[in-house]
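Single-letter residue listing:
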Amino acid sequence: MSLVKLGTRGSPLALWQADWCREALEKTHPGLEVEIVEVQSSGDVDLRTPLVQMGEVGIFTRTLEWELEKGNIDLAVHSLKDVPAQIIDGSSIVAVSEREDPRDVIFLREGSTFADLREGATVATGSLRRRAQLRSARPDLEMVALRGNLNTRWRKFEEGQFDAMLLAAAGVIRLGWEDRVTEFLSTDLLLPAVGQGIVGIQALDGSAAAELAGAIDHTPTHARARAERSLLKAVAGGCIVPLAGFAELGGDLLHLRARLAHPEKGPVLEAEVEGPTADAVRIGREVGEKLLAQGGAAIVEQARATG
């Protein structure tokens, strides 16, 4: 196989991810040519509706999957945090990047830390996960929806449309915006999204492209991703809920922490499990079962009923 077509969204961050993937593939496989194919997702078409109201799982990945299924592209590159638990039959996440900083970051108009936010300040984020966890830490804050690529979001911040803005550190770092960040928030305050900071590469099972991509897989990160995505599958399935999951490695052990909450009320549920890295999928499932047993099942049932 001398030419690989790599599908990606067209945002600056998505193109960064595609460039990373292309360079890694061409370096690992001398003589291989990788063509980047831009595909517009439904999430990129509608930039006005808040994500929490769109109610569609895989809003940023489905179109890429369809192109993969039709054979128009050989590989699809995603921000792994955007990839739902269920992907198209006959395909797999065959490789992942090394994980970038998984934390969330905050940009403040005034002050130098999250603690400096005045009572009742407006905080912009499109993430149910961030909103639920921040609500627990600071119920006085007013959450406002935020859509668009990073450049659009930064423009809105500079225009003073809100007091603070939350983004994933990984995208900010990859676009060279690290010096703009007011504070990197600890995972104790905001536990990351499943797959946050990881680039995932999807291919059809058994394809030549799958074998080529498998050669650039970052094995330690993939173990963490398996645990987190197993958690996602156990809890959320095909619905959208405020779920956070973060796996860390220590020697031969994997430690997975997770949080789940109702989008608007009630406590944040927490669970964690540690075990052999080889049991990553089982660990994810066990953590998910713990959350569901604590009351998470009712949260998921309501999300399915209203989704």
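Above this text sits the structure in question.
Quantities reported herein were computed from a predicted structural model and do not represent experimental measurements.

Student: How should the overall build of the protein chain be read in this particular structure?
Tutor: Of the regular secondary structure elements, the protein chain holds 10 helices and 13 strands. Its C-alpha atoms give the protein chain a radius of gyration of 19 Å, near enough to 19 Å, the size a compact globule of 307 residues would have. Referenced to the eigenvectors of the C-alpha coordinate spread, the extents of the protein chain come out at roughly 60 × 45 × 40 Å. For the protein chain, buried positions account for 54% of its 307 residues. In the protein chain, once contacts between residues fewer than 6 apart in sequence are set aside, the share between residues at least 24 apart is 69%. Approximately 13500 Å² of the protein chain is accessible, and the part contributed by carbon and sulfur atoms is 46%. Separation between the mean location of the 34 positive side-chain charges and that of the 45 negative ones in the protein chain comes to 4 Å.

Student: Help me out: how do you make sense of the environment of Leu-68 in this one?
Tutor: Of note, Leu-68 is situated in helix α4 (residues 62-70). In sequence terms Leu-68 and Met-143 are 75 residues apart; their C-alpha atoms lie 37 Å from each other. Leave out the neighbours within four places in its chain, and Leu-68 touches Ile-73, Asp-74, Leu-75, Ala-76, Gln-202, Ala-203 and Leu-204.

Student: Hey, could you run me through the pairing of strand β12 (residues 253-261) in this one?
Tutor: By the criterion of burial, β12 is predominantly enclosed, with eight of the nine residues buried. Sheet topology note: the strand β11 (residues 243-250)/β12 ladder contains eight bridges and is antiparallel. Bridge pairing in β12 links Leu-249 to Leu-254. Connecting β11 to the antiparallel partner β12 that follows it, the hairpin turn spans two residues, and Gly-251 within it adopts a positive phi of roughly 65°. Hairpin remark: β12 followed by strand β13 (residues 268-276), antiparallel, with six residues in the connecting loop; positive phi at Gly-266, about 85°.

Student: Could you clarify how one ought to interpret the sheet that holds strand β1 (residues 3-8) in this entry?
Tutor: For sheets, the rule is that strands pair by backbone hydrogen bonds, running either parallel or antiparallel. Strand order across the open sheet formed by five strands is β2-β1-β3-β10-β4, with mixed pairing between neighbours. The open sheet is flanked by β2 (33-38) and β4 (91-96), the only strands paired with a single partner. Neighbour-to-neighbour, the strand axes of the sheet open up by a mean angle of 30°, direction not taken into account. Examined bridge by bridge, β1 and strand β3 (residues 75-79) share two bridges and lie parallel to one another. Across the sheet, the residue bridging to Gly-7 is Ala-76, located in β3.

Student: Explain the nonpolar core to me, please; I cannot follow it from the model alone.
Tutor: Side chains of nonpolar character tend, in soluble globular proteins, to be buried together. With 25 residues, the main nonpolar core has Leu-231, Val-235, Val-241, Leu-243, Leu-256, Val-287 and Leu-291 as its most contacted residues. If you list the elements that add at least two residues to this core, you get α9 (219-235), β11, β12, β13 and α10 (280-306). Per-element accounting of this core gives the leading share, seven residues, to α10. Setting aside anything within four residues of it in sequence, one finds Val-235 in contact with Val-241, Leu-243, Leu-260, Gly-288, Leu-291, Leu-292, Val-300 and Arg-304.

Student: Even after reading the chapter, I still don't get the sheet that holds β13, so can you show me in this structure?
Tutor: Across the sheet, which stays open at both edges, the three strands sit in the order β11-β12-β13 with antiparallel pairing between neighbours. Edge strands, defined here as strands with exactly one partner in the open sheet, are β11 and β13. Direction aside, neighbouring strands of the sheet carry axes that sit 15° apart on average. Where α10 meets the sheet, its contacts fall on β11, β12 and β13, and the angle it forms with β13 comes to roughly 160°.

The rules behind the values
- Residues numbered from 1 in each chain as written.
- Predicted model: local features only at pLDDT ≥ 70, side-chain atom pairs only at ≥ 80, totals over all residues.
- Heavy atoms only, no water.
- Helix = DSSP H or I, 4+ residues; strand = E, 2+ residues; numbered from the N terminus.
- Rg over C-alpha atoms; globule rule 2.2 N^0.38 Å.
- Buried < 20%, exposed > 50% of the residue type's maximum accessible area, 1.4 Å probe, protein only.
- Contact = heavy atoms within 4.5 Å.
- Areas by Shrake-Rupley, 256 points an atom, 1.4 Å probe, with all protein chains shown as cover.
- Lys, Arg positive; Asp, Glu negative; His and termini not counted.
- Charge placed at Lys NZ, Arg CZ, Asp CG, Glu CD.
- Pairing = 2+ DSSP bridges.
- Axes fitted to C-alpha atoms, helices over the stretch in contact; angles between N-to-C directions.
- Core = buried A, V, L, I, M, F, W, Y, C linked by side-chain atoms within 4.5 Å.

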